[in-house]
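# Working through the structure, step by step
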Amino acid sequence: MGYSEFGDDLAAQVKEQADIVQVIGECVELKRAGVRYLGLCPFHGEKTPSFSVHPGQQFFYCFGCGASGDVYSFLMKYHNLDFPAALKDLARRYQIEIPEKVQSAQEQERSRRRKAMYAVNEKAATIFQDYLIHGAKAGGARRYLKQRQIPTEIQERFKIGYAPSPEVAGWNFLGGQLDPEERLIAEEVGLLVKKEQGGTYDRFRDRILFPIFDRQGRIIGFGGRIVGDGQPKYMNSPESLVFNKSGSLLGLYQQGEDIRRRQQVIMVEGNFDLVSLVVHGCPNVVAPLGTALTVQQLKLLKGYAEEYVLLFDGDAAGVKAAMRAVPLFLSEQVAGKVALLPLGHDPDTFVQEKGLAALETLLGQARPLPEFTLEQLVEEHGLTLDGKSRIIDELRPLIKAAVSPLQRSLMLSHFSETIGVPVEELGAALVSSRVPMPSAAPERRREQLQRREHLAPLTFFQKQMVTHMVLYPHSLEKLEKAGIRSCLMGSIGEILYLQLKALIENSGEVEPEELLAGLPEGGERVLVADILLNSSSDSRSFSDEETEKELAELLSWLEREELERMSEKLKQKMITCAQGGGSSELLQQLVFEKKEVDNKLHSLRPKMVG
């Protein structure tokens with residue numbers, strides 16, 4: 001985790017004194033549940049608590065998304081900090097002194113310049129924002145924003161400003177409001193441009209300005225859209241010590257919490273596309289800064305969302321931009337999708353004309369990027385012999401970019417089926433990419449994939465039950481008697497239940513790693529590996545009392561599920577009896593039985609998790 005920069009002893013001392021419940025409790029509403037605390041996970045959207053904090057072992061775990069770790073991990077993930085920043089934050093909270101690293105003169109000067117750049121950018125943003133609000137000659141900019149339906153509160157949220165044209169404010173509007181030292185710094189960050197004959201002039205003129213924030217809320221640069229005539233239409237600050245265009249995202253600072261709550265981020269291409277979506281009720285959106293999406297930008301978003309959707313124009317340029325992004329998503333192992341707008345629309349015009357419901361429908365139809373790319377290639381080249389050859393050539397960088405062997409195998413299997421090329425031949429055609437081949441025969445592999453496509457996704461409690469079953473195989477007998485198989489019917493959990501049961505019948509006592517070792521490549525193995533990897537070693541060393549308490553909660557939930565099924569079944573019988581003219585005695589008996597079941601259900605509710 002990076003302890004070495006400060007020393008293991010110091011990091012351990014800070015962690016020992018930190019109260020993980022108190023730290024996490026500042027961000028998540030926690031309620032005590034036995035020896036642990038439960039709350040809604042801050043890392044994925046949910047309505048039922050699956051986020052568990054264990055003060056004794058000093059770790060957290062989410063049964064819903066698998067997030068886990070110690071107090072450092074939480075701070076780093078929730079606040080997007082690196083380890084040194086998380087350590088310093090905790091040390092400050094608990095008044096533990098951290099010896100300062102001695103900086104060289106060069107490092108001290110670099111640090112001073114960075115602070116000065118943030119300060120000048122902040123001052124410039126305030127000047128531009130104030131002029132937009134109060135400037136006598138800013139009426140055109142205010143009318144433009146009104147025409148684009150950007151209300152005052154959104155202008156304030158994004159700190160939108162206006163740099164006046166030279167005709168009304170001269171070429172030194174900003175520079176004239178800075179002192180000599182600030183002007184030097186403003187040159188470095190590109191707010192001012194040096195003239196050959198001496199002096200400076202403003203870079204941004206007659207432009208609506210969007211300050212660009214880093215994740216800590218510091219202004220690192222500006223993006224400007226011209227109001228009157230002139231080129232370029234959009235202009236960004238040049239690269240500087242604090243601003244790297246390919247490593248920055250407009251809106252991430254303002255919209256980060258909404259993205260995290262929804263576990264989905266929508267990426268659009270334009271500044272006004274972004275704010276228009278926010279205005280119309282779609283807050284989980286960011287925008288690159290006038291360039292193609294980059295790996296650095298995807299890395300910025302890690303920890304915010306599980307799903308990434310590109311919302312692009314439906315023209316040829318939008319299609320090509322989406323296809324170019326595929327290798328980036330594969331290399332970072334994040335789930336990328338694309339939603340293409342109808343021709344003639346951008347996100348701004350679409351949401352204004354069609355509304356939020358239509359936008360959400362469009363986003364719900366977003367296609368996974370690899371599949372989208374293959375569909376586009378088939379449409380472009382066709383499935384003739386020559387067309388297939390061209391498709392395979394263009395698929396090569398996609399397969400090469402997939403860093404996970406499982407991911408590559410699944411892509412090969414899917415691609416081979418779509419274009420009608422046996423998986424072995426497709427793999428041979430891509431041999432220069434060193435793609436590992438699926439171990440199963442094509443027919444068997446296709447059958448496995450089709451079977452898994454019809455498996456129901458695990459609910460929160462099903463995943464909690466499967467996690468307990470995997471980590472504590474000795475509990476399976478009690479879970480089996482309580483009806484775990486009925487609970488997991490039709491899901492990947494049922495397959496794991498049957499596999500674990502067979503292992504226990506053959507070997508007696510079983511360790512979780514034995515289950516993993518006995519599983520073939522596929523979804524079941526991935527799920528078990530994920531459970532073992534994301535459960536810290538501490539979580540596997542619960543006391544017997546804690547383990548039994550968790551098991552009792554799961555058994556109680558199974559009992560409740562069975563009672564709910566019985567209640568629903570009796571309800572349907574009552575409806576059939578009443579509509580079919582059944583006897584009043586039978587109807588009365590059904591009512592009595594349902595009441596008994598419902599009373600048992602009511603008595604169980606206080607025992608349930610959360």
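See the structure shown above.
Here's a quick rundown of the structure. All residue numbers refer to position in the chain's written sequence, counted from 1. Side-chain atom pairs in this predicted model are given and counted only at pLDDT of 80 or more, local residue features only at pLDDT of at least 70, and totals for whole chains, interfaces and linings cover all residues. Remark: hydrogens and water are excluded; side-chain values derive from all non-hydrogen atoms of the structure.

### Section: the sheet that holds strand 2 (residues 36-39)
Pairing within the open sheet is antiparallel, and its five strands lie in the order 1-2-3-4-5. Each edge of the open sheet is held by one strand with a lone partner, namely strand 1 (31-33) and strand 5 (68-69). Here the rule is simple: two strands pair whenever DSSP picks up at least two bridges between them. Note on conventions: DSSP H or I runs of at least 4 residues are helices, E runs of at least 2 residues are strands, and numbering of each starts at the N terminus. Judged from the two bridges that link them, strand 4 (residues 59-62) and strand 5 form a sheet pairing that is antiparallel. Looking across to strand 5, one finds that Tyr 61 is bridged to Ser 68.

### Examining the pattern of salt bridges
Throughout this description, the term salt bridge denotes a Lys or Arg side-chain nitrogen within 4 Å of a carboxyl oxygen of Asp or Glu. All told, the structure shown has 29 salt bridges when counted by the stated rule. When the shortest N-O distance is used, the salt bridge between Lys 15 and Asp 70 registers 3.2 Å. Of the two residues, Lys 15 is situated in helix 1 (residues 8-17) and Asp 70 in the loop between strand 5 and helix 3 (71-79); the sequence distance between them amounts to 55 residues. Lys 159 is the partner of Glu 122 in a salt bridge, and the nearest nitrogen-oxygen pair spans 3.8 Å. Pair noted here: Glu 122 is in helix 5 (residues 105-134) and Lys 159 is in the loop between helix 7 (152-157) and strand 6 (161-163), with a separation of 37 residues, a long-range link.

### A look at the sheet that holds strand 9 (residues 207-213)
Spatially, 6-9-10-11 is the arrangement adopted by the four strands of the open sheet, whose pairing is antiparallel. Each edge of the open sheet is held by one strand with a lone partner, namely strand 6 and strand 11 (234-236). Taken pair by pair, the neighbouring strands of this sheet meet at an average axis angle of 30°, ignoring direction. As paired strands, strand 10 (residues 219-226) and strand 11 are joined by three bridges and run antiparallel to one another. Across the sheet, residue Gly 224 finds its bridge partner in strand 11, namely Met 235. Sheet contacts for helix 11 (residues 271-279): strand 9, strand 10 and strand 11; angle to strand 9, the most-contacted strand, approximately 75°. Helix axes are fitted to C-alpha atoms over the stretch in contact, other axes to C-alpha atoms as well, and angles between N-to-C directions run from 0 to 180 degrees. Note on definitions: a residue-residue contact is assigned when non-hydrogen atoms from the two residues lie within 4.5 Å.

### Focus on helix 15 (residues 356-364)
Regarding helix 15, the residues found buried are Leu 359, Leu 362 and Leu 363. Buried residues along helix 15 cover an arc of 100° about the axis, so they all sit on one side. Away from the buried face of helix 15 by more than 90 degrees, exposed residues Ala 357 and Gly 364 are located. Considering only its buried residues, helix 15 is in contact with strand 12 (264-267), helix 11, strand 14 (307-312), strand 15 (335-340) and helix 14 (347-354). Burial classes: relative accessible area under 20% of the type maximum marks a residue as buried, over 50% as exposed, and values in between as partly exposed (1.4 Å probe, protein chains only). Arc definition: directions from the helix axis to the C-beta atoms.

### Notes on the packing of helix 13 (residues 316-332) against helix 16 (residues 369-381)
It is the contact of helix 13 with helix 16, at a shortest axis distance of 9 Å, that shows an interaxial angle of 135°. Looking at the two axes, helix 13 sits oblique to helix 16. Classified by chirality, the crossing of helix 16 by helix 13 is left-handed. Contact with helix 13, carried on its side by Val 319, Lys 320, Ala 322, Met 323, Val 326, Phe 329 and Leu 330, involves Leu 369, Pro 370, Phe 372, Thr 373, Gln 376, Leu 377 and Glu 380 of helix 16 and no other residues of that element. Only Asp, Glu, Lys and Arg are considered charged in this grouping, and only Ala, Val, Leu, Ile, Met, Phe, Trp, Tyr, Cys and Pro are considered nonpolar; every other residue, Gly among them, is considered polar. By residue class, the composition of the contact of helix 13 with helix 16 is 10 nonpolar, two polar and two charged. Should an angle fall under 35 degrees it is called roughly parallel, over 145 degrees roughly antiparallel, and 65 to 115 degrees roughly perpendicular, with every other angle called oblique. Each crossing gets its hand from how the near helix is turned against the far one by less than a right angle, where anticlockwise is left-handed and clockwise is right-handed.

### Quick word on unusual backbone geometry
Of note, the amide linkage connecting Gln 231 to Pro 232 takes the cis form, showing an omega dihedral of -5°. Phi at Gln 149 takes a positive value of approximately 60°, unusual for a residue other than glycine. Tracing the chain through its elements places Gln 149 in the loop between helix 6 (139-147) and helix 7. Classification of Gln 149 by relative accessible area gives partly exposed; the value is 42%. Its identity is not glycine, yet Gln 263 carries a phi of approximately 55°, on the positive side. Summarising the element assignment, Gln 263 is placed in the loop between helix 10 (252-262) and strand 12.

### Topic: the packing of aromatic side chains
To pair, rings of Phe, Tyr and Trp, with the six-membered ring standing in for Trp, must have centres within 6.5 Å; the planes then decide the type, stacked if under 30 degrees apart, edge-to-face if over 60, and tilted in the middle. On inspection of all chains with the given rule, the structure shows 19 aromatic pairs. On the basis of an interplanar angle of 85° and a centroid distance of 5.7 Å, the ring pair of Phe 60 and Phe 74 is categorised as edge-to-face. Here Phe 74 lies in helix 3 and Phe 60 lies in strand 4, a separation of 14 residues in the sequence. Using a relative accessible area of 0% as the deciding quantity, one classes Phe 74 as buried. Ring geometry for Phe 213 versus Tyr 253: centroids 5.3 Å apart, planes at 20°, classification stacked. Here Phe 213 is found in strand 9, whereas its partner Tyr 253 is found in helix 10, with 40 residues between them in sequence. A residue is classified by how much of its surface remains accessible, and Phe 213, at 13% relative accessible area, is buried. Ring pairing ties together the aromatic residues Phe 43, Phe 51, Phe 60, Phe 74 and Tyr 78, which thus form one cluster. As a reminder, the over-ring test applies to NZ of lysine and CZ of arginine, requiring each to be within 6 Å of the ring centre and within 35 degrees of the ring normal. One residue, Lys 77, lies across the ring of Phe 43, its end atom 5.0 Å from the ring centre. It is Arg 260 that lies over the ring of Tyr 78; its NZ or CZ is 4.9 Å from the centre.

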